[in-house]
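Inside the fold
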Amino acid sequence: MNKEQQVMSDFNQFIELVSHWKNNCIDFGEGIILYRGEIHILFMIGNIPGIFSSEIARRFGVTRAVISKSILKLEKQGFLKRKLIPKIKTLSTLFNSKGKKAYAAHEKFMKAHDSYMYDYLHTLSQSELNTIITFLLYAQNMIKTIFD
(Lines give C-alpha, C1' and ligand atoms only; values in the text may rest on other atoms or scores of the structure.)
Protein backbone atom coordinates (compact mmCIF):
# COMPACT_ATOMS: atom_id res chain seq x y z
CA MET A 1 0.00 0.00 0.00
CA ASN A 2 1.45 3.39 -0.96
CA LYS A 3 1.28 6.51 1.24
CA GLU A 4 -1.80 7.96 -0.51
CA GLN A 5 -3.70 4.70 -0.05
CA GLN A 6 -2.62 4.56 3.59
CA VAL A 7 -3.85 8.12 4.20
CA MET A 8 -7.22 7.36 2.59
CA SER A 9 -7.56 4.11 4.51
CA ASP A 10 -6.78 5.82 7.81
CA PHE A 11 -9.08 8.74 6.95
CA ASN A 12 -11.98 6.39 6.12
CA GLN A 13 -11.46 4.51 9.38
CA PHE A 14 -11.51 7.83 11.22
CA ILE A 15 -14.80 8.81 9.53
CA GLU A 16 -16.34 5.47 10.49
CA LEU A 17 -15.29 5.89 14.13
CA VAL A 18 -16.78 9.38 14.28
CA SER A 19 -20.01 8.39 12.54
CA HIS A 20 -20.61 5.51 14.96
CA TRP A 21 -19.69 7.61 17.98
CA LYS A 22 -22.35 10.23 17.21
CA ASN A 23 -25.11 7.83 18.27
CA ASN A 24 -23.65 7.25 21.71
CA CYS A 25 -24.55 9.08 24.87
CA ILE A 26 -21.93 10.76 27.01
CA ASP A 27 -22.24 10.66 30.78
CA PHE A 28 -20.92 13.96 32.10
CA GLY A 29 -21.68 13.00 35.71
CA GLU A 30 -24.18 14.55 38.11
CA GLY A 31 -27.10 13.06 36.17
CA ILE A 32 -26.12 14.73 32.90
CA ILE A 33 -26.33 12.13 30.14
CA LEU A 34 -26.68 13.52 26.64
CA TYR A 35 -26.24 12.53 23.03
CA ARG A 36 -23.36 14.18 21.20
CA GLY A 37 -25.72 16.36 19.13
CA GLU A 38 -27.61 17.50 22.21
CA ILE A 39 -24.50 18.63 24.06
CA HIS A 40 -23.28 20.47 20.97
CA ILE A 41 -26.60 22.32 20.78
CA LEU A 42 -26.28 23.27 24.44
CA PHE A 43 -22.68 24.30 23.89
CA MET A 44 -23.67 26.58 20.99
CA ILE A 45 -26.45 28.14 23.09
CA GLY A 46 -23.91 28.73 25.85
CA ASN A 47 -21.50 30.37 23.45
CA ILE A 48 -24.18 32.46 21.73
CA PRO A 49 -26.89 33.26 24.31
CA GLY A 50 -30.29 33.89 22.74
CA ILE A 51 -29.38 32.20 19.44
CA PHE A 52 -32.38 31.22 17.33
CA SER A 53 -32.98 27.60 16.36
CA SER A 54 -32.79 28.55 12.67
CA GLU A 55 -29.23 29.81 13.21
CA ILE A 56 -28.25 26.65 15.08
CA ALA A 57 -29.64 24.59 12.18
CA ARG A 58 -27.71 26.65 9.64
CA ARG A 59 -24.44 26.27 11.55
CA PHE A 60 -24.88 22.49 11.92
CA GLY A 61 -26.12 22.04 8.37
CA VAL A 62 -29.39 20.38 9.38
CA THR A 63 -33.05 21.35 9.12
CA ARG A 64 -34.80 23.61 11.61
CA ALA A 65 -37.14 20.71 12.38
CA VAL A 66 -34.23 18.58 13.61
CA ILE A 67 -33.00 21.36 15.89
CA SER A 68 -36.52 22.24 17.09
CA LYS A 69 -37.14 18.62 18.05
CA SER A 70 -33.85 18.46 19.96
CA ILE A 71 -34.53 21.78 21.70
CA LEU A 72 -37.99 20.59 22.77
CA LYS A 73 -36.43 17.42 24.20
CA LEU A 74 -33.74 19.43 26.03
CA GLU A 75 -36.42 21.77 27.37
CA LYS A 76 -38.49 18.83 28.66
CA GLN A 77 -35.36 17.43 30.34
CA GLY A 78 -34.88 20.78 32.07
CA PHE A 79 -31.68 21.93 30.36
CA LEU A 80 -33.04 25.07 28.78
CA LYS A 81 -36.02 27.33 28.33
CA ARG A 82 -37.33 29.30 25.42
CA LYS A 83 -38.44 32.89 25.54
CA LEU A 84 -40.88 34.50 23.11
CA ILE A 85 -39.66 37.73 21.55
CA PRO A 86 -42.95 39.55 20.79
CA LYS A 87 -41.66 42.06 18.21
CA ILE A 88 -40.46 39.35 15.85
CA LYS A 89 -42.77 36.60 17.09
CA THR A 90 -40.05 34.01 17.44
CA LEU A 91 -38.43 32.04 20.22
CA SER A 92 -34.99 32.64 21.62
CA THR A 93 -33.33 29.74 23.42
CA LEU A 94 -31.74 30.31 26.81
CA PHE A 95 -30.12 28.24 29.53
CA ASN A 96 -31.46 27.51 32.96
CA SER A 97 -29.26 26.29 35.83
CA LYS A 98 -29.23 22.65 34.62
CA GLY A 99 -28.21 23.82 31.14
CA LYS A 100 -25.38 25.90 32.62
CA LYS A 101 -24.24 22.85 34.57
CA ALA A 102 -24.23 20.73 31.39
CA TYR A 103 -22.29 23.44 29.55
CA ALA A 104 -19.64 23.53 32.29
CA ALA A 105 -19.46 19.72 32.35
CA HIS A 106 -18.94 19.67 28.59
CA GLU A 107 -16.14 22.23 28.82
CA LYS A 108 -14.43 20.15 31.51
CA PHE A 109 -14.91 16.96 29.43
CA MET A 110 -13.45 18.58 26.31
CA LYS A 111 -10.43 19.98 28.16
CA ALA A 112 -9.70 16.56 29.63
CA HIS A 113 -10.14 14.71 26.34
CA ASP A 114 -8.63 17.27 23.97
CA SER A 115 -5.45 17.88 25.94
CA TYR A 116 -3.61 14.91 24.44
CA MET A 117 -4.40 16.15 20.92
CA TYR A 118 -3.24 19.68 21.76
CA ASP A 119 -0.07 18.20 23.26
CA TYR A 120 0.58 16.43 19.95
CA LEU A 121 -0.26 19.48 17.82
CA HIS A 122 2.23 21.56 19.82
CA THR A 123 5.01 19.23 18.63
CA LEU A 124 4.31 19.94 14.95
CA SER A 125 5.90 22.60 12.78
CA GLN A 126 3.85 25.39 11.22
CA SER A 127 4.26 23.67 7.86
CA GLU A 128 2.89 20.39 9.23
CA LEU A 129 -0.05 22.22 10.84
CA ASN A 130 -0.79 24.01 7.57
CA THR A 131 -0.80 20.67 5.75
CA ILE A 132 -3.30 19.25 8.25
CA ILE A 133 -5.50 22.34 7.98
CA THR A 134 -5.45 22.16 4.17
CA PHE A 135 -6.34 18.47 4.23
CA LEU A 136 -9.21 18.94 6.69
CA LEU A 137 -10.69 21.85 4.73
CA TYR A 138 -10.42 19.87 1.51
CA ALA A 139 -12.11 16.86 3.13
CA GLN A 140 -14.92 19.05 4.54
CA ASN A 141 -15.54 20.61 1.12
CA MET A 142 -15.52 17.17 -0.49
CA ILE A 143 -18.16 15.92 1.96
CA LYS A 144 -20.29 19.06 1.50
CA THR A 145 -20.13 18.60 -2.28
CA ILE A 146 -21.23 14.96 -2.02
CA PHE A 147 -24.18 15.63 0.29
CA ASP A 148 -25.40 18.99 -1.00
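Bear in mind that the values here come from a model prediction, so they are computed numbers and not experimental data. (Residues numbered from 1 in each chain as written. Predicted model: local features only at pLDDT ≥ 70, side-chain atom pairs only at ≥ 80, totals over all residues. Heavy atoms only, no water.)

Counting its regular elements, the protein contains six helices and four strands. Each helix and strand of the protein, ordered N terminal to C terminal, gives the series α-β-β-α-α-α-β-β-α-α. Counting across all 148 residues of the protein, residues that qualify as buried make up 22%. Of the contacts formed within the protein by residues at least 6 apart in sequence, a portion of 41% connects residues at least 24 apart. Total accessible area on the protein is roughly 10900 Å²; 59% of this is exposed by carbon and sulfur atoms. (Helix = DSSP H or I, 4+ residues; strand = E, 2+ residues; numbered from the N terminus. Buried < 20%, exposed > 50% of the residue type's maximum accessible area, 1.4 Å probe, protein only. Contact = heavy atoms within 4.5 Å. Areas by Shrake-Rupley, 256 points an atom, 1.4 Å probe, with all protein chains shown as cover.)

For the rest of this paragraph, the subject is the packing of helix H2 (residues 36-47) against helix H5 (residues 97-121). The contact between H2 and H5 brings their axes to 9 Å, and the two run at 105 degrees. By the criterion of interaxial angle, the relationship of H2 to H5 is roughly perpendicular. From H2, Ile39, His40, Leu42, Phe43, Gly46 and Asn47 reach across to H5, where they touch Ala102, Tyr103, His106 and Glu107. Partitioning the contact of H2 with H5 into residue classes produces five nonpolar, four polar and one charged. (Axes fitted to C-alpha atoms, helices over the stretch in contact; angles between N-to-C directions. Parallel < 35°, antiparallel > 145°, perpendicular 65-115°, else oblique. Nonpolar A, V, L, I, M, F, W, Y, C, P; charged D, E, K, R; others polar.)

What follows concerns H5. The end-to-end C-alpha distance of H5 is 35 Å, a good match for the 36 Å that 25 residues give at a rise of 1.5 Å each. The largest bend in H5 comes to about 45 degrees, at Asp114. Regarding H5, the residues found buried are Gly99, Ala102, Tyr103, Ala105 and His106. (Expected span 1.5 Å × (residues − 1). Bend = angle between axes of the 7 residues up to and from the residue.)

One pass over the full model with this rule turns up three aromatic pairs. Plain terms: the ring middles of Phe11 and Phe135 are 5.1 Å apart, the flat faces sit at 80 degrees to each other, and that makes the pair edge-to-face. On the criterion of sequence distance, the pair formed by Phe11 in helix H1 (residues 3-21) and Phe135 in helix H6 (residues 126-147) is long-range, its members being 124 residues apart. Stacked on the ring of Phe79, the Lys or Arg Lys98 has its end atom at 4.6 Å from the ring centre. (Phe/Tyr/Trp six-rings, centres within 6.5 Å; stacked < 30°, edge-to-face > 60°. Lys NZ or Arg CZ within 6 Å of the ring centre and 35° of its normal.)

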